[in-house]
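One-letter residues, chain by chain:
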Amino acid sequence: MNQRWQAAMLVCLLLAGCQTGESGSNGAAGPSGQPPESAVHPSDHQQQGKTSESPVDPDLQLEAKYWNIVEVQNGQKVIQNPDNILVLVNKEQSLPPGYKPADLVVPRVPFLCADPNAEKRHMRAEAAAALEEMFAAARRDGIELVAVSAYRSYERQQVIFAEEVRQKGREKAVQAVAHPGQSEHQTGLAVDISSRSAGCQLTESFGATKEGQWVAAHAHEYGFIIRYPKGKEAVTGYKYEPWHLRYVGRKAAAVIKKRGLTLEEYFKVVKKV
């Protein structure tokens, strides 16, 4: 009887040991209280390693159509989509020699040049309409502006550049006058302006006049920027020109004004979409 009782007790102990072992291998938590590796779903790893991304500022998103398409020709980057309103023309990227905007019109604003058919009185239609709005707003604020020069052909730029080199030498000329094909005036989107208080001249002193200060404060509201601002000479490659305005549209102009950018810097912060 005792032998039977001892045998039964031995069987119970063996069964209890087996159940304890199974529980230890399939438990929900290990020594640290965390679920064992085999209990974690693969998607849990992805969620743990994923960091939240901040939303992209819509003002810093720019459609692909507004970026330059360039082709290297004879060692020079030549822009293939010059009709782009945001075309970036500078010492690195040139317009095609024969490019002339197809929608040039004469804006109804006071021009220093009296000839109504003069080349330099023309601008692309969208920019011309914006210039008319800006001049009208200035007049309402008691500010009288005068346009000096807008569109300029490749051929005309050749003449101007050659004369500047003759008078001042090439080294100084390139700091003030663009090579043919590298002038924003050829786009039909740029205009030089002045005021009677500045003698209707294109001079740095225009920036200190009440007219120049009004333009610096309000031009972006009409889609214009001061293309060559003070302190950015190393970026633009040109000296400060408070009189040289470039039309880029209201959205881009607002961002450039708010962030104190040049057009070159703008393209470094926006994202192509």
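Below is a summary of the structure that appears in this document. Note that the coordinates shown come from a computational prediction; the quantities given were computed from them, not determined experimentally. (Residues numbered from 1 in each chain as written. Predicted model: local features only at pLDDT ≥ 70, side-chain atom pairs only at ≥ 80, totals over all residues. Heavy atoms only, no water.)

Check the secondary structure of the protein chain and you find nine helices and 11 strands. The proportion of buried residues among the 273 residues of the protein chain is 42%. Considering only contacts in the protein chain between residues 6 or more positions apart, those separated by 24 or more positions represent 62%. Carbon together with sulfur atoms contributes 52% to the accessible area of the protein chain, which is approximately 15800 Å² in total. (Helix = DSSP H or I, 4+ residues; strand = E, 2+ residues; numbered from the N terminus. Buried < 20%, exposed > 50% of the residue type's maximum accessible area, 1.4 Å probe, protein only. Contact = heavy atoms within 4.5 Å. Areas by Shrake-Rupley, 256 points an atom, 1.4 Å probe, with all protein chains shown as cover.)

With seven of seven residues buried, strand 10 (residues 241-247) is to be regarded as a mostly interior element. When strand 8 (residues 190-194) meets strand 10, the two strands line up antiparallel, connected through three bridges. Its bridge partner being in strand 10, Asp-192 is matched across the sheet by His-244. Bridge count between strand 9 (residues 224-228) and strand 10: four bridges; the pairing is antiparallel. (Pairing = 2+ DSSP bridges.)

Next up on the list: unusual backbone geometry. The residue Asn-74 is not glycine, and still its phi comes out positive at about 55°. Position of Asn-74 among the secondary structure elements: in the loop between strand 2 (70-73) and strand 3 (76-79). Since its relative accessible area comes to 86%, Asn-74 is described here as exposed. Although it is not a glycine, Cys-200 sits at a positive phi angle of roughly 60°.

It is worth spelling out helix 6 (residues 210-218) at this point. For helix 6, the full list of buried residues reads Glu-211, Gly-212, Trp-214 and Val-215. Seen from one end, helix 6 has its buried residues packed into an arc of 160°, which puts them on one side. Next to the buried residues of helix 6 lie helix 3 (125-140), strand 8 and strand 10. (Arc of directions from axis to C-beta.)

Here Glu-184 lies in the loop between helix 5 (170-176) and strand 8. When its relative accessible area of 1% is taken as the criterion, Glu-184 is described as buried. Sequence-distant contacts of Glu-184, that is, excluding residues within four places in its chain, are made with Val-89, Leu-189, Ala-190, Arg-227, Tyr-228, His-244, Arg-246 and Leu-263. Polar contacts involving the side chain of Glu-184 include one to the side chain of Arg-227, which spans 2.7 Å. A distance of 3.0 Å separates polar atoms of two side chains, one belonging to Glu-184 and the other to His-244. (Polar contact = N/O pair within 3.5 Å; in protein donor to acceptor, adjacent residues only side chain to side chain.)

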